[in-house]
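Summary of the model geometry
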Amino acid sequence: MARIVMKFGGTSVADIERIRNVARHVKRETDAGHEVAVVVSAMAGKTSELVDWTRQASVIHDAREYDAVVASGEQVTSGLLSIVLQSMGVNARAWQGWQIPIRTDNAHGAARILDIDGSELVRRFGEGQVAVVAGFQGLGPDNRIATLGRGGSDTSAVAMAAALKADRCDIYTDVDGVYTTDPRIEPKARRLKKIAFEEMLEMASLGAKVLQVRSVELAMVHKVRTFVRSSFIEPDAPGMGDFDNPPGTLICDEDEIVEQEVVTGIAYARDEAQISLRRLSDRPGVSAAIFGPLAEARVNVDMIVQNISEDGTKTDMTFTVPSSDMEKSLAVLEKAKEAIGFDVVQSEPGLVKVSVIGIGMRSHAGVAATAFRALAGKGINIKAITTSEIKISILIDSAYAELAVRTLHSVYGLDKT
Ligand code: ADP
Ligand code: ASP
Ligand code: MG
């Protein structure tokens, strides 16, 4: 007997038929004698609709009221799944974040989980009860509902698994694992049997939305055995109930991966905006004068490129921000123009960042050169580059996004054969 957390995303609970299918996956595990906590997302598209309603009500609105609205999608699915489970003879009950409680910080709309009291759930496991927990939500220090940011049910699930000391956390979604790149844009993408925590962290933060970044951080810190797998495979298909080796992708320590490739995957993120400050005075403190006010305005600056000035007086600085923050950033820079000291500011929204990720890069030279050569071969112009030990990110025009992803996927030999 083991303890399992099973998380089901939006498409997996998109309607009552799909919820019935989810219930059969849950019943498979309870029939096998396991203790189960289920974490559910809202029905596909529901959270976006709720977000849109808050904007229609008022573009500027109280984040606490936003949370009261957008957390409601998960309340519905947790109740519905419990009803269906009960109708199948499974003892189940729905839990909202505040009832457990899942305690978060006060950052409404993008809250972090601080603590989960799993004791009542564990007590009820002893009585054979399944917990059906609303994902994406918790209780803030102000005693109000707080949501965890888009895609946050993944984080609810991994945090629950850590708090309940579960043997496994299964993230059920509409793909049967983590692929070498988004299978929606490259059909030749291959499913990975295993991926290292650090690589998954890079993949997620560089755009692969299959897992929320924070969920991977938690899985890594708490060593949660996390599988990404499909709810669309029949619940009683061969191997689905295999405890040690279920079909899907295991997120694990790098030492668990025997055959480490140089490049593991390609990720992409749309809607990056590039901002360039021209003829900036080249003196100490100028970067602080630019990025200080942007940080205060809560703009998340990503790639930063500074030119070395020819004569030590003037330079250029280019950086990227999310397209949605571009106007705000330009207003902040204009306001600080005197303190910064630049001539003109240029901006371009709607760019794409394509990234090559792999732990094997640490010990291999020439990985970046291969990417640049391959993109040049397709006539794709590179606007900015950043690298770290295990990734290379390249900024390009959005029109070339899919071509760039496919080109890089193929040049590193990731295509399915
Ligand atoms: P859920 O609603 O279950 O949380 P998401 O839509 O958040 O599902 O995440 C699953 C989607 O992530 C897939 O449908 C797929 O298009 C996308 N995705 C992006 N990159 C990858 C990748 N490398 N491997 C698998 N899926 C990916
Ligand atoms: N329902 C929330 C969202 O759409 C959380 C999630 O699905 O993980 O962002
Ligand atoms: Mg998701």
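Scroll up to find the structure this text is about.
All values reported here derive from a predicted model rather than from experimental measurement. (Residues numbered from 1 in each chain as written. Chains lettered and ligands numbered in written order. Predicted model: local features only at pLDDT ≥ 70, side-chain atom pairs only at ≥ 80, totals over all residues. Heavy atoms only, no water.)

A few words now on the sheet that holds strand E9 (residues 168-173). Spatial strand order, E3-E6-E2-E1-E9-E11-E12-E10: eight strands in an open sheet with mixed pairing. Since the sheet does not close on itself, it has two edges, and those belong to strand E3 (92-95) and strand E10 (194-196), each with one partner. Neighbour to neighbour, the strand axes of the sheet diverge by 20° on average, direction disregarded. Pairing of strand E2 (residues 35-40) with strand E6 (residues 130-134) involves four bridges; the strand directions are parallel. Of the residues in E6, the one forming a bridge with Val38 is Val132. Sheet contacts for helix H4 (residues 72-87): E2, E3 and E6; angle to E6, the most-contacted strand, approximately 160°. The sheet contacts of helix H7 (residues 197-205) involve E10 and strand E12 (249-252), and relative to E10 the element is tilted by about 85°. (Pairing = 2+ DSSP bridges. Helix = DSSP H or I, 4+ residues; strand = E, 2+ residues; numbered from the N terminus. Axes fitted to C-alpha atoms, helices over the stretch in contact; angles between N-to-C directions. Contact = heavy atoms within 4.5 Å.)

Turning to the site of ligand 2, a few remarks are in order. Taken together, Ser41, Ala42, Thr47, Glu74, Phe136, Arg150, Gly151, Gly152 and Ser153 make up all the residues around ligand 2. One of the side-chain nitrogen or oxygen atoms of Arg150 is found 2.6 Å away from an oxygen atom of ligand 2. Contacts to ligand 2 include Gly152, whose backbone N or O atom sits 3.3 Å from an oxygen atom. When the free accessible area of ligand 2 is taken as 260 Å², the share hidden by the protein chains comes to 86%. (Near = heavy atom within 4 Å. Polar contact = N/O pair within 3.5 Å; in protein donor to acceptor, adjacent residues only side chain to side chain. Areas by Shrake-Rupley, 256 points an atom, 1.4 Å probe, with all protein chains shown as cover.)

Of all the six residues making up strand E1 (residues 3-8), six are buried; the element is thus mostly covered by neighbouring parts of the structure. Burial of E1 is two-sided: the residues Arg3, Val5 and Lys7 facing one way and the residues Ile4, Met6 and Phe8 facing the other way are all buried. The parallel pair E1 and E2, bridged by helix H1 (residues 16-31), forms a crossover whose chirality is right-handed. The pairing of E1 with E9 spans five bridges and is parallel. Within E9, the residue paired with Ile4 across the bridge is Arg168. (Buried < 20%, exposed > 50% of the residue type's maximum accessible area, 1.4 Å probe, protein only. Right-handed = clockwise from strand over helix to strand, strands pointing away.)

All right, on to the pattern of salt bridges then. Inspection of every chain in the model, using the stated rule, returns 29 salt bridges. One connected set of salt bridges, linked through shared partners, spans Glu120, Arg123, Arg124 and Glu127. (Salt bridge = Lys/Arg side-chain N within 4 Å of Asp/Glu carboxyl O.)

Another point: the site of ligand 1. If you check the shell around ligand 1, you find 17 residues, and the closest are Thr173, Asp174, Tyr179, Asp182 and Arg184. Between Asp174 and ligand 1, the recorded distance is 2.8 Å, taken from a side-chain N or O atom to an oxygen atom. Protein coverage of the free-state accessible area of ligand 1, which is 570 Å², stands at 90%. Partitioned by chemical class, the residues of the shell around ligand 1 number seven nonpolar, five polar and five charged. (Nonpolar A, V, L, I, M, F, W, Y, C, P; charged D, E, K, R; others polar.)

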